[in-house]
Amino acid sequence: MTDALRYHTGFGGHFESEAVPGALPKGRNSPQRPPFGLYAEQLSGSSFTSPRHENRRSWLYRMRPTADHRPFTRYEGAPLFAPGPVKEPLAPNRLRWDPPSDLPEGKDFVDGMVTMLVNRDPADLEGVALHLYRAGKAMERRVFVNADGELLLIPQSGTLRIATELGCMDVPPGSIAAIPRGVRFRVEVDGDSRGYVAENHGLPLRLPELGPIGSNGLANARDFGAPVAWFEDKDEPTQVIQKSLGSLWTTTLDHSPLDVVAWHGNHAPWRYDLSRFNTIGTVSFDHPDPSIFTVLTSPSNVPGRANLDFVIFPPRWMVGEDTFRPPWFHRNVMSEAMGLIHGAYDAKADGFAPGGLSLHNLMSGHGPDVDSWRKASEAELKPMKIEGTMAFMVESCWPYRPTAWALERSQPDYDQAWAGFPKAKLP
């Protein structure tokens, strides 16, 4: 992974790119005879008649059409990926997990993935699933494609090189990447790698509205990068693994399907360095709602209520006067799945490690543990910078259900984090 890659700059823009000069048709999308005998193929991430600002599509000019494949059959690998959630009634308990110590060794990105939380049927075109992965080797002569939604990849350790139909991206810990619905890709790793995957079945992720913040701040569009055109010309058997309607399927081609020589459009992979997030906070008093830390959002059918919000808690200055500075105690109608990339989370003194996960479903009371509450309540309020940390939250309006594998491994004593608060003393 030593060779440098190039990227188009911007989020959600319309790009055009060609790996071979002259491969991109000019002035039309589907000419009678595309250059070099390539095949013109449209990849649509939205309905054809979606409003212009919602429309996602790219035109691909490839060496063979995607339609050329044999029937799919059930994929028997990845035993921990994509099982359904527990069907029995789920107690409204808060849940937390240590970084799993029993993920498969020596597997690639697909076979080393485990599904933790699910909250809707992918056929609903709404909802979120959250997975963990452990990848110890590259996907060799294999590609993956998700027809159920887009994938948000969040490395926790180890850099990923992601080779997609539209180009290649390097994604180290501290950065994220998105693979749109329907885009085929392969993951290569540099040693043992771990991280998180948020699977979005709803509307594609986009930058949140800024409202009174104005025209700048939070995640700025210029800091995102989409790959430039790149292709493989390999006539060798390649396995395609596809997720469709919650299950995994496979077929084998006689060539690599990563053979797109040129493309143009706005349905494309991208990556983003989380350290470029322009954190906004109070310069007077009180703690702003955590929505101020939203990097990306997938709206639901109710205005202001997200199918998925990707929120981070990055290094930042805390200067609020007469203010309890960590996240306050709260209950809300959103369900919060939280992960930790590195460092410590300021609302939990211990028990929440990098690579771990927690779940607070809708209306679950949560907030800082006793030690964090006491420390923050007694602290001298002077400007303080929170450093060396990066936590994130995959928030959804739909309640999550853990898989059976996840439920068996949750911390049995998580509720003790809130035990021992002293009773308030009234006059």
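Refer to the preceding data block for the structure.
*Asks:* Is there a simple way to think about the overall build of the protein in this case?
*Replies:* In terms of helices and strands, the protein carries two helices and 28 strands. Across its three principal axes, the protein shows a C-alpha extent of roughly 85 × 45 × 40 Å. Evaluated residue by residue, the protein yields a buried proportion of 53% over its 427 residues. Sequence separation of 24 or more characterises 77% of the internal contacts of the protein that already satisfy a separation of 6 or more. Entry remark: accessible area of the protein is about 19700 Å², with carbon and sulfur atoms responsible for 51%. Taking the 44 positively charged and 51 negatively charged side chains of the protein as two groups, their mean positions are separated by 2 Å.

*Asks:* Could you clarify how one ought to interpret helix H1 (residues 370-378) in this entry?
*Replies:* Quick reminder: α-helices carry 3.6 residues per turn. Residues three or four places apart thus point the same way. Within the sequence span of H1, burial applies to Val370, Ser372 and Ala376. Buried positions in H1, seen along its axis, are confined to an arc of 165° and lie on one side of it. Of the exposed residues in H1, those oriented more than 90 degrees away from the buried face are Lys375 and Glu378.

*Asks:* Please explain the environment of Phe185 as it appears in this structure.
*Replies:* Topologically, Phe185 is positioned in strand E14 (residues 185-189). The buried category is assigned to Phe185, whose relative accessible area is 0%. Once the C-alpha coordinates of Phe185 and Leu166 are considered, the two residues, 19 residues apart in sequence, prove to be 9.0 Å apart.

*Asks:* Hey, could you run me through the sheet that holds strand E4 (residues 57-62) in this one?
*Replies:* With antiparallel pairing, four strands are arranged side by side in an open sheet as E2-E19-E4-E3. Bordering the open sheet on either side are strand E2 (15-18) and strand E3 (39-44), each of which pairs with just one other strand. Across the sheet, the axes of successive neighbouring strands diverge by a mean angle of 20°, strand direction being ignored. Where E2 meets strand E19 (residues 260-265), four bridges bridge the pair, whose relative direction is antiparallel. Its bridge partner being in E19, Glu16 is matched across the sheet by His264.

*Asks:* Teacher, can you tell me more about the pattern of salt bridges here?
*Replies:* Once their charged atoms are close, side chains differing in charge can pair, the charge on each being opposite to the other. Applying the stated rule across the entire model yields 25 salt bridges. Between Glu165 and Arg62 there is a salt bridge, with its nearest N and O atoms 2.7 Å apart. With a gap of 103 residues between them, Glu165 in the loop between strand E11 (160-164) and strand E12 (167-171) and Arg62 in strand E4 connect regions that are remote in the sequence. Each member of the pair, Glu165 as well as Arg62, is classed as buried. Close ionic contact of Arg186 with Glu188 constitutes a salt bridge, the shortest N to O distance being 3.4 Å. According to the relative accessible area criterion, Arg186 is buried, its value standing at 10%.

*Asks:* What am I meant to see in the sheet that holds strand E21 (residues 294-299) here?
*Replies:* Note: strands within a sheet are paired through backbone hydrogen bonds, in either parallel or antiparallel orientation. With antiparallel pairing, the six strands of this open sheet are ordered in space as E6-E25-E24-E27-E22-E21. In this open sheet, the two strands that pair with only one neighbour each are strand E6 (95-97) and E21. The mean angle between the axes of side-by-side strands here comes to 15°, regardless of whether they run parallel or antiparallel.

*Asks:* What should I look at first to understand the nonpolar core in this one?
*Replies:* In globular proteins that are soluble, nonpolar side chains generally tend to be buried together. Counting 41 residues, the largest nonpolar core has Leu152, Leu296 and Phe310 as its most contacted members. Sequence-distant contacts of Phe310, defined by excluding residues within four places in its chain, comprise Leu152, Ile154, Ile176, Leu274, Phe293, Thr294, Val295, Leu296, Phe392, Met393 and Val394. By size, the runner-up hydrophobic cluster in this structure holds 35 residues, among which are Ala78, Phe109, Leu151 and Trp263.

*Asks:* Just checking my understanding: could you explain the packing of aromatic side chains for this structure?
*Replies:* Each aromatic ring pair is characterised by the separation of its centres together with the angle its planes make. Throughout the structure, instances matching the rule amount to 16 aromatic pairs. Between Phe11 and Phe224, the aromatic rings sit 4.8 Å apart at their centres with planes inclined by 65°, giving edge-to-face as the arrangement. Here Phe224 lies in strand E16 (residues 224-227) and Phe11 lies in the loop between strand E1 (7-9) and E2, a separation of 213 residues in the sequence. Between Tyr196 and Phe392, the aromatic rings sit 4.7 Å apart at their centres with planes inclined by 80°, giving edge-to-face as the arrangement. Taken together, the positions of Tyr196 in strand E15 (residues 193-200) and Phe392 in strand E27 (residues 390-396) put the pair 196 residues apart, joining distant regions of the chain. Taken individually, Tyr196 and Phe392 each receive the classification buried, so the pair is uniform in this respect. Grouped by ring-pair contacts, the aromatic residues Phe81, Phe109, Tyr133, Phe144 and Phe185 constitute a single cluster.

*Asks:* Just to check I follow, could you spell out a nonpolar patch on the surface for this structure?
*Replies:* The grouping of Val333, Leu362 and Met363 at the surface amounts to a nonpolar patch, some 270 Å² of accessible area in total. Position of Met363 among the secondary structure elements: in the loop between strand E25 (357-360) and H1.

*Asks:* Teacher, can you tell me more about the pairing of E25 here?
*Replies:* The two faces of the sheet receive side chains in turn, since in a regular strand these alternate between them. The alternating pattern of E25 places Leu357 and Leu359 and Ser358 and His360 on opposite faces, both of which are buried. Inspection of the sheet shows E6 paired to E25 by three bridges, in the antiparallel sense. Paired with Arg96 across the two strands is Ser358, which belongs to E25.

*Asks:* Sorry if this is basic, but what is going on with the pairing of strand E24 (residues 335-342) here?
*Replies:* The element E24 is largely enclosed, with a buried count of seven among its eight residues. Pairing of E24 with E27, which is carried by seven bridges, proceeds in the antiparallel orientation. Across the sheet, residue His342 finds its bridge partner in E27, namely Met390. Two strands pair when backbone bridges link them, and E24 and E25 are joined in this way by four bridges, in the antiparallel orientation. Considered in E25, the bridge of Met338 is made with Ser358.

Reading guide: rules and limits
Residues numbered from 1 in each chain as written. Predicted model: local features only at pLDDT ≥ 70, side-chain atom pairs only at ≥ 80, totals over all residues. Heavy atoms only, no water. Helix = DSSP H or I, 4+ residues; strand = E, 2+ residues; numbered from the N terminus. Buried < 20%, exposed > 50% of the residue type's maximum accessible area, 1.4 Å probe, protein only. Contact = heavy atoms within 4.5 Å. Areas by Shrake-Rupley, 256 points an atom, 1.4 Å probe, with all protein chains shown as cover. Lys, Arg positive; Asp, Glu negative; His and termini not counted. Charge placed at Lys NZ, Arg CZ, Asp CG, Glu CD. Arc of directions from axis to C-beta. Pairing = 2+ DSSP bridges. Axes fitted to C-alpha atoms, helices over the stretch in contact; angles between N-to-C directions. Salt bridge = Lys/Arg side-chain N within 4 Å of Asp/Glu carboxyl O. Core = buried A, V, L, I, M, F, W, Y, C linked by side-chain atoms within 4.5 Å. Phe/Tyr/Trp six-rings, centres within 6.5 Å; stacked < 30°, edge-to-face > 60°. Patch = residues over 30% accessible without salt bridge, like charges linked within 9 Å, V, L, I, M, F, W, Y side chains within 5 Å.

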